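Summary of the model geometry
Residues per chain, in single letters:
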Amino acid sequence: MTAAAEGSPPLRMTRARRNALLQSEPVQGFALISPTFLYALILLVLPILVVIAHSFWTQHYLTIDRTFTLENYRVALTEPIYRDLLWRSLYISLTVSLFTVILAYPIAYFISFHGGRHKSLWLFLITIPFWTSYLLRVMSWKVILGYNGVLNSGLMGLGIIDEPSTALLYNSTAVIITLTHAWAAFAILPIFVSLEKVDRTLVEAATDLGDGPLRSFLRVTLPLSAPGVISAALIVMIPTVGDYVTPKLVGGKDGVMIANAIQAQFGKAANWPLGAALSVTTMLIVTLMAGATVLIIRALQRLAR
Amino acid sequence: MRARRFLSGGWLSVYAFLYVVFLYLPVIFLPIFSINTAPTPKFPLTGFTLQWYADLPHTPALLDAAWNSLKVGVSASILATVLGILAARSITRYRYPGRRTINGLIMAPLVLPEVIVAISMLLVMLQLGLSLSLFTVVLGHVLVCIPYSMTVLTSGFEGFDRSLEEASADLGESAFGTFRRVTLPMVAPAIISSLLVCFTISLDEFIIAFFLTGTEATLPIYIWGQLRFASKLPGVLALGTLLLVASFLLMTVAEILRRRAARRTQNQGGIYA
């Protein structure tokens, strides 16, 4: 303060103004978040831009030709293997998100409406397996579904089957089961949060006005929790499309997904531009699918009212 | 009448119980077969042994991987928590345009397919001429840890009574002094909770480490390599069990601390809200 007083009047004015600016909320807030923001820009936004750029280039053995081309997208969208992998990945991730949401909803409802004092204990109990290594959870399904695995040896021990079944492991069903288990906790939390926000007096009002419990659930609770259902569906759908570990460990030949093809392009096949185009295509399609899901759930929500 | 009973607690609690069983059952098999004498995981169990655990310390590659994981986990959790503190503080304390967009961007790794995050970082690092090492793994882990760190920290910072800081400033403390003597003690549990959460994530993270590491393996990468050999399975199960226990303990402590932090600032929520 004394330093500013020593300057000439105009200088004092600008300095005061600059100080005011520096101490204003927006500037301080932005300055504080800028290191984290920059980190995300450099290690997330920039890399994604680089991937998009690569998807328009061509690989020539060890060098990359930087003339613009759509050839990679043509290959990604029309070559049967990539098209099939994309479809399968979308099918698996849609099925998994449908199952996780349907299985998770009653749990979220139970904790929110009947959890009583133990709400956070329940949530903790349900999220704990999620914090254990994803790789290990997938591995445990391999142990369960394998030829010499838990399920086969158990069923044989009980005399239900005579010889181990090969139908359990190495197909897309195994991938769906494993992913549904792996993402279960992710679906519960957003639904729980939106159920917590449902005004209980509205449910009471519906009951008082003669709606049965099922009707009041369908017309009040369920539509009001739609935002949670939407985020649950998205938070499962988007990452599972690009899952790599599960198809690799339990998918076998019939359970391969697009991420495995992307990895191959950056690894053995060494065709970065094609890998980039596959990544961009996956991201675009999953965005479209996510958008469609949001619209469908919103439409259902409106219908229910 | 039946519908009422169905929607009331009775049936739902049975379902909830079955669901928890479904969540835990697969994970429980790892410890069970890690103390079984048979090298293949099948029923009936053949006998109790700690042999698979006893072999672990005699595997040099495993010890290297464990040491690497520790280095990566500690560096990533500290960096992610520092960046998380700055961002969470900015988000909870200040109002400015673009705040939501920036927050959305920082949280984005949570909902992006991990493979795509990993390969795009790989491309940039190779373009920049960075050679792949544990350092590049740390960079990647920090990016995926920040969203979790933010979630834990915002729950600790939110509802934080700003008048306490103002009082401290009015009483003549500098901005830094206020932070060190008023803010920090209030939010310390949240910070430790964030460190533990980030360490656990880094310890268990596979995809990003798989793409961004050079020749040095972390524990999940070591496990991945061992999975190819059926004969190595019991050792992997034993190691996996130890990792499960470590994750479980770290997360339990983190949750207790987070709740304490939330109680200090009289705020509910957190990872679960």
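Residues numbered from 1 in each chain as written. Chains lettered and ligands numbered in written order. Predicted model: local features only at pLDDT ≥ 70, side-chain atom pairs only at ≥ 80, totals over all residues. Heavy atoms only, no water.

Remarks on the overall build of chain A
Of regular secondary structure, chain A possesses 15 helices and two strands. Relative to a compact globule of 305 residues, whose C-alpha radius of gyration would be 19 Å, chain A shows 26 Å and is clearly more extended. The principal-axis extent of the C-alpha atoms belonging to chain A is close to 100 × 75 × 35 Å. Burial analysis of chain A (305 residues in total) assigns 50% to the buried set. Expressed as a percentage of contacts within chain A between residues at least 6 apart in sequence, the contacts between residues at least 24 apart total 67%. Within the structure as shown, chain A displays about 14,800 Å² of accessible surface, and the carbon and sulfur contribution to it stands at 68%. (Helix = DSSP H or I, 4+ residues; strand = E, 2+ residues; numbered from the N terminus. Rg over C-alpha atoms; globule rule 2.2 N^0.38 Å. Buried < 20%, exposed > 50% of the residue type's maximum accessible area, 1.4 Å probe, protein only. Contact = heavy atoms within 4.5 Å. Areas by Shrake-Rupley, 256 points an atom, 1.4 Å probe, with all protein chains shown as cover.)

Points about the nonpolar core
Core analysis: the largest hydrophobic core is formed by 173 residues, its most contacted members being A:Val245 and B:Ile223. Top contributing element to this core by residue count: helix 9 (residues 172–196) of chain A, with 15 residues. Counting contributing residues per domain, this core is built from domain 1 (2–54) and domain 2 (79–304) of chain A, each supplying no fewer than three. Not counting residues within four places of it along the chain, the set of residues in contact with A:Val245 comprises A:Tyr134, A:Leu135, A:Val138, B:Phe206, B:Ile207 and B:Trp224. If you look at the next biggest cluster of nonpolar residues, it comprises seven residues, including A:Leu90, A:Met237, A:Met289 and A:Ala290. (Core = buried A, V, L, I, M, F, W, Y, C linked by side-chain atoms within 4.5 Å. Domains from an automatic or database assignment.)

Section: the domain arrangement of chain A
All names here are of chain A. In terms of domain boundaries, chain A breaks down into domain 1 (2–54) and domain 2 (79–304). Of note, the centres of domain 1 and domain 2, computed from C-alpha atoms alone, are 41 Å apart. With four residues of domain 1 at the interface, the matching set in domain 2 holds six residues. Contact between domain 1 and domain 2 buries roughly 380 Å² in total, counting both sides, with carbon and sulfur atoms accounting for 86%. Linking domain 1 to domain 2 there are zero salt bridges. Between domain 1 and domain 2 we count zero residue pairs in polar contact (both at pLDDT 80 or more) in total. (Buried area = accessible area lost by both parts, 1.4 Å probe. Salt bridge = Lys/Arg side-chain N within 4 Å of Asp/Glu carboxyl O. Polar contact = N/O pair within 3.5 Å; in protein donor to acceptor, adjacent residues only side chain to side chain.)

A word on the packing of helix 6 (residues 114–127) of chain B against helix 7 (residues 134–157) of chain B
Residue and element names in this part refer to chain B. Orientation of helix 6 relative to helix 7, taken along the N-to-C sense of each, is 135 degrees, at an axis distance of 11 Å. With respect to helix 7, the element helix 6 is oriented oblique. Our pair here, helix 6 against helix 7, has a crossing hand that is right-handed. On helix 7, the residues touching Val117, Met121 and Met125 of helix 6 are Thr136, Leu139, Gly140 and Leu143. Of the residues that constitute the contact of helix 6 with helix 7, the class distribution is five nonpolar, two polar and no charged. (Axes fitted to C-alpha atoms, helices over the stretch in contact; angles between N-to-C directions. Parallel < 35°, antiparallel > 145°, perpendicular 65-115°, else oblique. Left-handed = near helix turned anticlockwise from the far one by under 90°. Nonpolar A, V, L, I, M, F, W, Y, C, P; charged D, E, K, R; others polar.)

What about unusual backbone geometry?
Residue and element names in this part refer to chain A. The phi dihedral of tyrosine 170 falls on the positive side, at around 65 degrees, and the residue is not glycine. Locating tyrosine 170 in the fold gives a position in the loop between helix 8 (150–157) and helix 9. Overall, the relative accessible area of 41% leaves tyrosine 170 in the partly exposed class.

Re the environment of B:Glu205
All names here are of chain B. Looking at where glutamate 205 falls in the secondary structure, it is placed in the loop between helix 9 (175–204) and helix 10 (207–212). Take glutamate 205: its relative accessible area is 6%, and that puts it in the buried class. Separated by 16 residues in sequence, glutamate 205 and isoleucine 221 have C-alpha atoms that sit 9.0 Å apart. Here the side chain of glutamate 205 touches isoleucine 208 through a polar contact of 2.8 Å, landing on its backbone nitrogen. Here the side chain of glutamate 205 touches alanine 209 through a polar contact of 3.1 Å, landing on its backbone nitrogen.

With respect to a nonpolar patch on the surface
Residue and element names in this part refer to chain B. On the surface, Trp11, Val14, Phe17, Leu18, Val21 and Leu25 cluster together into a nonpolar patch covering about 620 Å² of accessible area. Within the fold, valine 14 resides in helix 2 (residues 9–34). The class for valine 14 is partly exposed, based on a relative accessible area of 43%. (Patch = residues over 30% accessible without salt bridge, like charges linked within 9 Å, V, L, I, M, F, W, Y side chains within 5 Å.)

Observations regarding the pattern of salt bridges
By the definition in use, this model includes four salt bridges over all chains. Residue A:Lys119 pairs with A:Glu196 through a salt bridge whose shortest N-O separation is 3.1 Å. With a gap of 77 residues between them, A:Lys119 in helix 6 (residues 119–131) and A:Glu196 in helix 9 connect regions that are remote in the sequence. The salt bridge involving B:Arg181 is made with B:Glu173; its shortest N-O contact spans 2.9 Å. On the basis of relative accessible area, B:Glu173 is assigned to the partly exposed category, the value being 27%.

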